[in-house]
Structures are given as structure tokens and as C-alpha cells.
Amino acid sequence: MTVSEVQERNSLAGGSGAVGEALIGNPCQVTESATMVIFGIAGDLARKKLVPAIYDLAHGGQLPLDFDLVGFVRSSTDVETLLRQAVIAYARAPFDSEVWEALAKRIHLVQGSFDDTAAFAALATRLTELDVRHGKPGNYVFYLSIPPSAFATVCDQLAITGLNRGDSGWRRVVVEKPFGHDLASSQTLGAALERVFPSSSIYRIDHYLGKETVQNILALRFANGMFEPLWNNRHIDHVQITMSESVGVTGRAGYYDGVGAARDVIQNHLLQLLALIAMEEPVRLDADSIAAEKIKILSATELLGPLSETSARGQYGAGVENDVPVPGLADESGFTADSATETFAALTVGVATRRWAGVPFFIRTGKRLTRRTTEIAVTFTPPVHGSPAARVAAVSNVLVFRVQPDDGIELHIGAKRPGDGMHIQPVSLGMDFRSVFDEAPEAYERLIRDVLRADATLFPRREEVELSWQIIDPLLEHWGTFGRPDTYPSGTAGPASAERILSRTGRVWRPL
Ligand code: BG6
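The structure presented is a predicted model; accordingly, all values stated were derived computationally and were not measured. (Residues numbered from 1 in each chain as written. Predicted model: local features only at pLDDT ≥ 70, side-chain atom pairs only at ≥ 80, totals over all residues. Heavy atoms only, no water.)

1. What about the site of the ligand?
Stage number 1. Looking at the ligand, there are 13 residues lining it, with Y208, E245, D264, K367 and Q404 nearest.
Stage number 2. When isolated, the ligand has an accessible area of 400 Å², and the protein chains bury 81% of it.
Stage number 3. Among the elements that make up the shell around the ligand, the one with the highest residue count is helix 10 (residues 260–278) (3 residues).
Stage number 4. Classifying every residue of the shell around the ligand gives 3 nonpolar, 3 polar and 7 charged. (Near = heavy atom within 4 Å. Areas by Shrake-Rupley, 256 points an atom, 1.4 Å probe, with all protein chains shown as cover. Helix = DSSP H or I, 4+ residues; strand = E, 2+ residues; numbered from the N terminus. Nonpolar A, V, L, I, M, F, W, Y, C, P; charged D, E, K, R; others polar.)

Written as C-alpha cells, this is what we have:
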């Protein structure tokens, strides 16, 4: 809907045309007023994802009628210009100066550092002023788009100034991964947050859960009758979960060095995908019921060994990124020549339940690989023919959830080639989300809206996070003890050691 259409509709409805009123009666609009405080508003994530997502929500008329955005910044110089440019560059909706101006009027900056109690007092005063000015009850979201090492300091400051509680209105806090470095540090972090906010007010972002195709895993499994009867170890041979990226970590050494691929995306995104693929049908589609099922699966998930044969790690060397020659990680700024940070990780896990006993789940991820793709491939066992006379070449059917970039679903089957004989050829039946449905919202649009309306369904709980660390910690310890990552050329499918994980079981990775 264009702005003039929105204005026409609003004037018919008696609205004033303010940004929050862009679509009066829009069922997706959040109804309760709110103020969101972003710590780290000038940082990479806020510029590339959060502020553009907020703009997109404004553009679609989904923000609350009364919405203020407060940036807590070290220096306010040029922040507004920076945010405007970020919206132009990264928002999904086209840049519309009227929508931006209306939003920008409600963006406020408070200057200070995280250890400056006076700055937090100024923040409290500012929030009260906004409440009084707009007649709001004091509903605050504190978005910590900052390194986890600063979480505890900011939470303590919020507690000192009393911003974590209030006589009226609600308080919510949003945190971004990494939620720790291992189980012990994650527990410490979880406890620091829960000292200041009740667990029901803490929203941990795993942006993969905000992706429409990821949510579709549950729809496909439980809205259709044909998959569930086959969804077990009698019919499924194995599952492959792949997240490959063509880009490297150039410019991200500060975050990535010493973290690596397993902590960066397997501990969170990929184990969440596994939980959705493997979980039982929840009693209800609400936050508690879905979390309960995911927790059961994560509690039953364990690494399959021996780790030297069932896992692999690699670091990209020189090669190409999207056809352009690039140096290896050790030659990139911020990394040392002896950095042991892995940019590729692969592992094997099993889920010790009656449904999944004996089914290996192979998980791999890497940077600077052949191409960008995230998918889950469920491979079914080939048919067993009763009579040799009836035997045709058997195929393994594969159901592929393509999470990105071409989100959709594919089913690989075998079909007879026309002509004499019974020659079986693999063919694929496919569905592209984009050709069937309208464009989907970005993950952060969905997740920010869900925080504003207190829907925690798509946010992992503390227990899920800790169970996921418990799964991968032994592998991280193993890697810490033995050797270094193998090197693979940038622009390839990863180290040869990854191929062996599957070949030793008589299987192969799906080609990248
Ligand atoms: C982030 C990781 O969580 O996910 C990044 O920290 C990674 O390293 C990114 O590049 C990938 O997200 P997406 O949505 O592009 O698959």
C-alpha cells in the first residue's frame, strides 16, 4: 500500500496519518504503546538489521500507535544520518521519506557509557518524559545489541536506576547471541540476566527462528498427513543439515576470532533446526508447548563418536569469494597467522529417543564455501523389494527444506525414463515459497514485533541454550586438545576430512 493510499484510508478513518497509524485496523499492528531502547544502535547489527526492520514495520503500519525508539550512544554525532543511510541500504520496503520522517521524529538519543550511572539516570528521566508527553504507561523494551561481555554491566545499571521494574507498564529485555562461550559461561550469563529480569521477560534472539521457511518446518510436518507416519527410524536413513556461506569473516575478527563456526552457528541456529525437525507434535502451538518439545529433543541429543572420525573442522585459505581472489583467514586483518579459529565445522549427532535411535544427523557449516545455502535434507531408506523379478533400481527419496536463498521444498523421487526397459532417473518435485506466497517479512521484523506483543514462541529458552552448549562442549574440548583445523581453499566445499565423516558410513554429503 502506498503512502497516499494509506493517507486516504486514514483520512476516511479519521486518523492523523502519523507513522504508527499508517494502517488503521491493520490486524498485524501491535496495539500496546512501547518505547524500545537499543544499546549499540550505531553498531553493525542495529544498522543492518534492527533499525531497517523497525522501519519496515513502520512502513507496513505494524508498529504500536505510540512508539518511541531511544538509542543509548557513546557519541550522538551523525547517528541520525547513519540510521537513515542504514534504512536506505538495508530495509526491505522502499525508502519513503514520509515514513522515515515520522519515525525519525520519535527517535531519541541518550549519550553515555555503560559504566556511567548518571547516563542511566538520564535515560530513566528521558523515558519518563516520553511517557508523560505521550500519555504512555511505561512499557519498555531494552535491546542489548552489544557484546555479551557488557550484558551484566548494562543489566546492573538498569537495576540500579530501577528501570528493570516499574509500578506501571512492562519491562522486556532482548539479548543477542553468543549466549556464552561454553556451558559454564552461558550459565553465568543466564544467571546475570535473571538476577535483574524475570525469565518470562527475557527474549533471546535466534534469528533463524524468525525465518518463514524455518517456521514452515512445523507446518509441513504437522499440517500434512503424509509425512508423519514416515518420520522415524524405520523410514529415515539420515538427516543432513547444511548452512554454507560464500562470504568470509573479513572485518569481523573482533567477534569471530576464538569463536569459530561451531559456536557461531551450530550451537544456536543449526541445533534449533534439528530440534524442529526431530520434535514431537506440541500439544498447542504456543511458546511453552513448543519449548517443552524442543527441550526434550535437545536433552536426548548427543555427539556420536569417535570424534576424530565423526567430526571435522577447517579454516579457509586463499582462494576465491564469489569469483574474486581472496586471502586466507590467517592473512586477514585482525587474525594472527596461528589463529586456530575454525571457519568450517561438521559433526554427527544422534537423538536418543525411540523415534530416532540409529538415525545419524550430520551437521555442517562453513564460510567461503562454493555457494550460500541453508537446507535440511531428510533422506528416506530405499525400498526393499520382495521379489527379485519386481526389482527396479531403488532410489533414496530425499525431502529437502530449502531455508535460503531460494526458500522452498523439494522431494526427490525416482521415475521411469521413457522408452524400453525400466531405467530409473532421479527427478524432483518442488515448491517455491516466493512463487506461491507474497514476500515474507524479514526475520527481525517478525521477532521485534513478537517482543512488542510478548509472544515468546520464536525465542529459545535458557534451558535450550544450555542444552545446546552441553551437546557441543565435548567437541570444542576435543578440538582444543587435538591439533589445528585443516585448511581448505576459499570457494570450495570445505576440507576433505568432512567428506570422510559420511563416506565411512557409506553416505555422501549433498553437493554444495
Ligand atoms: C549469524 C552469524 O548468526 O548468522 C553469522 O553470526 C552468519 O556469522 C549469519 O553469517 C548468517 O545469517 P543468514 O540469515 O544470512 O543466514
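2. A word on the nonpolar core
Stage number 1. M36, F39, L123, F142, W231, F361 and F401 are the most contacted members of the largest nonpolar core, which has 143 residues in total.
Stage number 2. When residues in this core are grouped by element, the largest group, 12 residues, is from helix 10.
Stage number 3. Beyond its immediate sequence surroundings of up to four residues, M36 is in contact with I54, F67, D68, L69, V70, V141, Y143, I448 and L452. (Core = buried A, V, L, I, M, F, W, Y, C linked by side-chain atoms within 4.5 Å. Buried < 20%, exposed > 50% of the residue type's maximum accessible area, 1.4 Å probe, protein only. Contact = heavy atoms within 4.5 Å.)

3. A closer look at the pairing of strand 13 (residues 373–380)
Stage number 1. A large share of strand 13 lies buried, amounting to 8 of its 8 residues.
Stage number 2. Residues T373, E375, A377 and T379 line one face of strand 13 and the alternating positions T374, I376, V378 and F380 line the opposite face, and both faces are buried.
Stage number 3. The sheet contact formed by strand 7 (residues 236–244) and strand 13 spans 8 bridges and is antiparallel. Each bridged residue has a counterpart across the sheet, and for T242 the counterpart in strand 13 is E375.
Stage number 4. Pairing of strand 13 with strand 14 (residues 398–404) involves 6 bridges; the strand directions are antiparallel. Across the sheet, residue T379 finds its bridge partner in strand 14, namely V398. (Pairing = 2+ DSSP bridges.)

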